[in-house]
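Working through the structure, step by step
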Amino acid sequence: MEDFRRVILQPGPPESFALQAVQEVIKPQKAKLAQDENQLLENMLRTLLQELVSSAVQSGEEIMQYGKSIDDDDNAQGVIPRLLDIVLYLCEKEHVEGGMIFQLLEDLTEMSTMRNCKDVFRYIESKQDILGKQELFSRGKLVMLRTCNQLLRRLSKANDVVFCGRILMFLAHFFPLSERSAVNIKGVFNTSNQTKFEKDPPEGIALDFNFYKTLWSLQEYFCNPVSLSTTPIKWQKFTSSLMVVLNTFEAQPLSEEEGAGNNLEEEGTTFNIKYLTSSKLMGLELKDPSFRRHILLQCLILFDYLKAPGKNDKDSSESMKEEIKSCEDRVKKLLEVTPPKGKDFLHCIEHILEREKNWVWWKRDGCPPFEKQPIEKKTAQDGVKKRRPRWRLGNKELSQLWKWADQNPNALTDPQRVRTPAITDYWKPLAEDMDESAGIEAEYHHKNNRVYCWKGLRFSARQDLEGFSKFTEHGIEGVVPLELLPPEVRSKFQGKPNDRSKRAKKEDTKNASHQVDESQIATPASEIDGEGTRADTDASAAPMDTDAMAASGNNSQGGTPTPDEHQKQSPDIDVGQEAGQLEADAEVEAGMIDGETDPET
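This one's a predicted model, so the numbers in the text were calculated from it and none came from an experiment.

**Observations regarding the overall build of the protein**
- Of the regular secondary structure elements, the protein holds 27 helices and zero strands.
- Counting over 601 residues, the protein shows a buried share of 31%.
- Here the analysis covers contacts within the protein between residues at least 6 apart in sequence; of these, 68% occur between residues at least 24 apart.
- About 40400 Å² of surface is accessible on the protein, with carbon and sulfur atoms providing 52% of the total.

Right, here's the structure in full:
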């Protein structure tokens, strides 16, 4: 024990004498201490630390400053921090067991008062990077967690807010985000945090005591939101109480002067995590914008929990969801009009709640690790520059294709390389889908494949034009050849005989009209030809007259024609009449030409 006392008082860095001192005291059999030797060293150090703390308390000095001389500068350390530095060096270099330093820190916090614990924790914060190394963290993370939790239990949440925040921030940085012990996986609420308020109205004070009880009764539901989703009666009481509070806030809006007079940014030192519940302060708290924001923010957190998917889908009804939505909108409007900077405050709150959803989803999935190890960059050798490969055609793939073409020149001209399939082979999968007896579900049909349909239409346009024309009437299924379809499906896409006959009649009518147009175009040429043209016109008109007469004779012999016969004969009659008219016009024009030419002869 005395040897360690002398070691602590030695000047210089610990690496110059720490390992030698341990070997002199323990005298290990090997270079690395065995388990019993580590336990012996740990017991000796814990006893020495207890004696040093006892001496510091008896002398009336602060623990972390004990043993420091007045003449020493500000960088000089006390005896206890010196001991902790030596043990931390031995643990970091793996000369002793890695959890030894954490055990000494736990003993030190248990033996210290809350005033001295602040100095001890300041030392822990300064060594956070070393304590967080993997070789030390794996050995002492549970001990450090137990130490911090014991400190939080000893501290007052109302008076030691800053110190509690420092401990929580340290735990957040010390433990990784994927550490399961650092998150509330089950989502358990702190139901012990109860808000006590007056039950009986005070005497001699003009106060709406019903509103006072209604306002502070909301804290019961904020403390345990699970009860709202499991008990419908509690949800009805909560909504009725909340409506009263929101109506009061809306009826008594705050001005910009009242908001500026209660700015928390200027009075951050007087901020407390809980408000006083005295009925005498009710009037002043209603004029405090931070108090209103406190209540409204609790409402948003509660609504965000109730809307979380997967928790209460079976318990919550549609009416409950609608009520949550309407109440949430009213709360956001009140936050927006609450000075100072209501819109900015609401925007920050919405952003925080949105990030909280991602945190909840991650915990619900079992806290999977999402840290990625950094990729080690391979540095090139000194003085050697890495050249980028140069390819003949710009990249590796094109150059490889060109190389294959040189080795096999017939690869691109081979007729088997690209072969257009037969139309029946291509549409066979779709025909099988259309067969109801096959039992293929609609979502797996080939007609849902846009690329398959597009290629099939191109093939049909080249090989089966009649089937391609059915696309506009029946869609892609009408393009499939009929011989591939089963009988019950084939009847849907077969054309009717009446439609085919009507289509043929229309085509005959169009052909007759085209013949008339051609005869009209040929007529003006007769005006230039003169006598020769007249003879041609007479010759061409004669057969037309004959056809017209034959047609009329047939009608007279057969009696009154039927509508279909009349439809068939009408184009021939029109053609005969037009031919006679052309003959008459040709004779008149020829006479005029003869009259002009006779005197000259």
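**Quick notes on the packing of aromatic side chains**
- Under the criterion given, the structure shown has 19 aromatic pairs.
- When the ring of Phe189 is compared with that of Tyr305, the centres are 5.2 Å apart and the planes differ by 90°; the resulting orientation is edge-to-face. A residue pair is termed long-range when its members are at least 10 positions apart, and Phe189 in the loop between helix H9 (161-174) and helix H10 (209-223) and Tyr305 in helix H15 (residues 289-306) qualify at 116 residues.
- Here Phe189 falls in the partly exposed class, since its relative accessible area comes to 29%.

**A word on the nonpolar core**
- By size, the foremost hydrophobic cluster in this structure holds 57 residues, and its most contacted members are Leu41, Ile80, Ile101, Leu108, Leu131 and Met144.
- Every element with two or more residues in this core is listed here: helix H1 (2-8), helix H2 (18-26), helix H3 (35-59), helix H4 (79-92), helix H5 (100-111), helix H6 (114-126), helix H8 (134-154) and H9.
- If near-sequence neighbours (up to four positions away) are discounted, Met144 is found in contact with Phe102, Leu105, Ile124, Leu131, Phe170 and Phe174.
- Leu246, Ile295, Leu306 and Leu335 belong to the second largest nonpolar core, which has 36 residues in total.

**Some thoughts on empty space enclosed by the protein**
- A full pass over the atoms with the stated rule returns two cavities of 30 Å³ or more.
- Looking at the second largest cavity, its volume works out to about 50 Å³.
- As for the second largest cavity, its lining consists of Phe4, Val7, Ile8, Val22, Leu41, Leu45, Leu83, Ile86, Val87 and Leu90.
- Of all the elements in the fold, those that place two or more residues in the lining of the second largest cavity are H1, H3 and H4.
- Among the elements that make up the lining of the second largest cavity, the one with the highest residue count is H4 (four residues).
- The residue makeup of the lining of the second largest cavity, split by class, is 10 nonpolar, no polar and no charged.

**Side note on the packing of H4 against H5**
- Interaxial distance between H4 and H5 falls to 9 Å at its minimum, and their mutual angle equals 155°. Comparing the axis directions of H4 and H5 gives the class roughly antiparallel. Where H4 abuts H5, its residues Ile80, Leu84, Val87, Leu88 and Cys91 lie against Met100, Ile101, Leu104, Leu105 and Leu108.
- Of the residues contributing to the contact of H4 with H5, the split by class is 10 nonpolar, no polar and no charged.

**Observations concerning H10**
- Counted at 1.5 Å a residue, the expected span for H10 with its 15 residues is 21 Å, and the 22 Å between its end C-alpha atoms agrees.
- Counting buried positions along H10 gives 12 out of 15 residues, so the element sits mostly inside the fold.
- Every buried residue belonging to H10 is among Phe209, Phe211, Tyr212, Thr214, Leu215, Trp216, Ser217, Leu218, Gln219, Tyr221, Phe222 and Cys223, and all of these are buried.
- Turning to H10, the residues buried within the fold contact helix H11 (226-230), helix H12 (232-251), helix H14 (282-286) and H15.

**Quick notes on the layout of surface pockets**
- What the largest pocket holds in volume is close to 2200 Å³.
- Lining the largest pocket are 50 residues, and of these Phe189, Asn190, Asn193, Phe222 and Ile301 lie nearest its centre.
- Among the elements of the structure, H9, H10, H15 and helix H17 (342-364) are those that each provide at least two residues to the lining of the largest pocket.
- Per element, the largest residue contribution to the lining of the largest pocket is 10 residues, and it comes from H17.
- Considering only residue class, the lining of the largest pocket consists of 28 nonpolar, 11 polar and 11 charged.
- Counting only domains with at least three residues in the lining of the largest pocket, you end up with domain 1 (1-174) and domain 2 (209-260 + 276-365).

**Re the side chain of Gln298**
- Locating Gln298 in the fold gives a position in helix H15.
- When residues no more than four places from it in sequence are discounted, the contact partners of Gln298 are Gln219 and Phe222.

**Notes on the confidence of the model for the protein**
- A residue-level look at the protein finds 74% of positions with pLDDT of 70 or above and a mean pLDDT of 77.
- pLDDT under 50 marks residues 497-502. Its contacts with residues more than four places away, or in other chains, come to one contact.
- Predicted confidence is poor over residues 521-601, with pLDDT under 50, and the contacts of this stretch with residues over four places away or in other chains come to 31 contacts.

**Quick look at the pattern of salt bridges**
- Counted according to the given criterion, the structure contains 16 salt bridges.
- Note that Lys127 is salt-bridged to Asp85, the shortest N-O span being 3.7 Å. Here Asp85 lies in helix H4 and Lys127 lies in the loop between H6 and helix H7 (128-131), a separation of 42 residues in the sequence.
- Taking the relative accessible area as the measure of exposure, Lys127 reaches 22% and is therefore partly exposed.
- Between Arg330 and Glu250 there is a salt bridge, with its nearest N and O atoms 2.9 Å apart. Highlighted residues: Arg330 in helix H16 (residues 318-337) and Glu250 in helix H12, separated in sequence by 80 residues.
- If you follow the salt bridges from partner to partner, you end up with Lys307, Glu328, Lys332 and Glu350 in one network.

**Quick notes on the environment of Glu323**
- For Glu323, the location among the structural elements is in helix H16.
- You can call Glu323 partly exposed: its relative accessible area is 33%.
- Taking the C-alpha atoms as reference points, Glu323 and Thr239, separated by 84 residues in sequence, lie 8.2 Å from one another.
- Apart from the residues within four sequence positions on either side, Glu323 is in contact with Trp235 and Thr239.

**Regarding unusual backbone geometry**
- In the segment running from Pro339 into Pro340, the intervening peptide bond is cis, with an omega of -5°.
- By the secondary structure assignment, Pro340 is in the loop between H16 and H17.
- Here Glu94, not a glycine, exhibits a phi torsion of approximately 60°, which is positive.
- Here Glu94 is to be found in the loop between H4 and H5.
- Positive phi values are uncommon outside glycine, yet Lys341 reaches one of about 55°.
- Along the chain, Lys341 turns up in the loop between H16 and H17.

Parameters and conventions
- Along each chain, residue indices are assigned from 1 in the same order as the chain's sequence is written.
- Totals for whole chains, interfaces and linings use every residue, but because this is a predicted model, local features are given only for residues with pLDDT of at least 70 and side-chain atom pairs only at 80 or more, for both listing and counting.
- By convention in this description, side-chain values take in all heavy atoms of the structure and omit both hydrogens and water.
- A run of H or I in DSSP becomes a helix once it reaches four residues, and a run of E becomes a strand once it reaches two; helices and strands are each numbered from the N terminus.
- Burial here depends on accessible area, computed with a 1.4 Å probe over protein chains only, as a share of the maximum for the residue type. Under 20% is buried, over 50% is exposed, and the range in between is partly exposed.
- Here a residue-residue contact requires only that any non-hydrogen atoms of the pair lie within 4.5 Å.
- Surface accessibility in these figures is a Shrake-Rupley result with a 1.4 Å probe; residues are shielded only by whichever protein chains are displayed.
- Paired rings are identified among Phe, Tyr and Trp, the last through its six-membered ring, by centres lying within 6.5 Å, and are further divided according to the angle between planes into stacked (under 30 degrees), edge-to-face (over 60) and tilted (the rest).
- Grouping buried Ala, Val, Leu, Ile, Met, Phe, Trp, Tyr and Cys residues that are joined through side-chain atoms within 4.5 Å yields what is termed a nonpolar core.
- Only protein atoms enter the 1 Å grid used here. Points where a 1.4 Å probe fits but cannot escape make up a cavity, open sets with protein on both sides within 12 Å along at least five of seven lines make up a pocket, and a residue lines them when an atom lies within 4 Å of a point.
- Grid points are joined across faces, edges and corners, and a volume is the space filled by probe spheres set on the points.
- The classification used treats Ala, Val, Leu, Ile, Met, Phe, Trp, Tyr, Cys and Pro as nonpolar, Asp, Glu, Lys and Arg as charged, and all other residues, Gly among them, as polar.
- Only the stretch in contact is used when a helix axis is fitted, and all axes are lines through C-alpha atoms; the angle between N-to-C directions ranges over 0 to 180 degrees.
- Angular relationships are summarised with four words: roughly parallel below 35 degrees, roughly antiparallel beyond 145, roughly perpendicular across 65 to 115, and oblique for the angles in between.
- Working rule for helices: expected span equals 1.5 Å times residues minus one.
- The domain limits used here are those given by an automatic or database domain assignment.
- The pLDDT value tells you how sure the predictor is about a given residue, anywhere from 0 up to 100.
- The salt bridge criterion pairs a side-chain nitrogen of Lys or Arg with a carboxyl oxygen of Asp or Glu, the two atoms within 4 Å.

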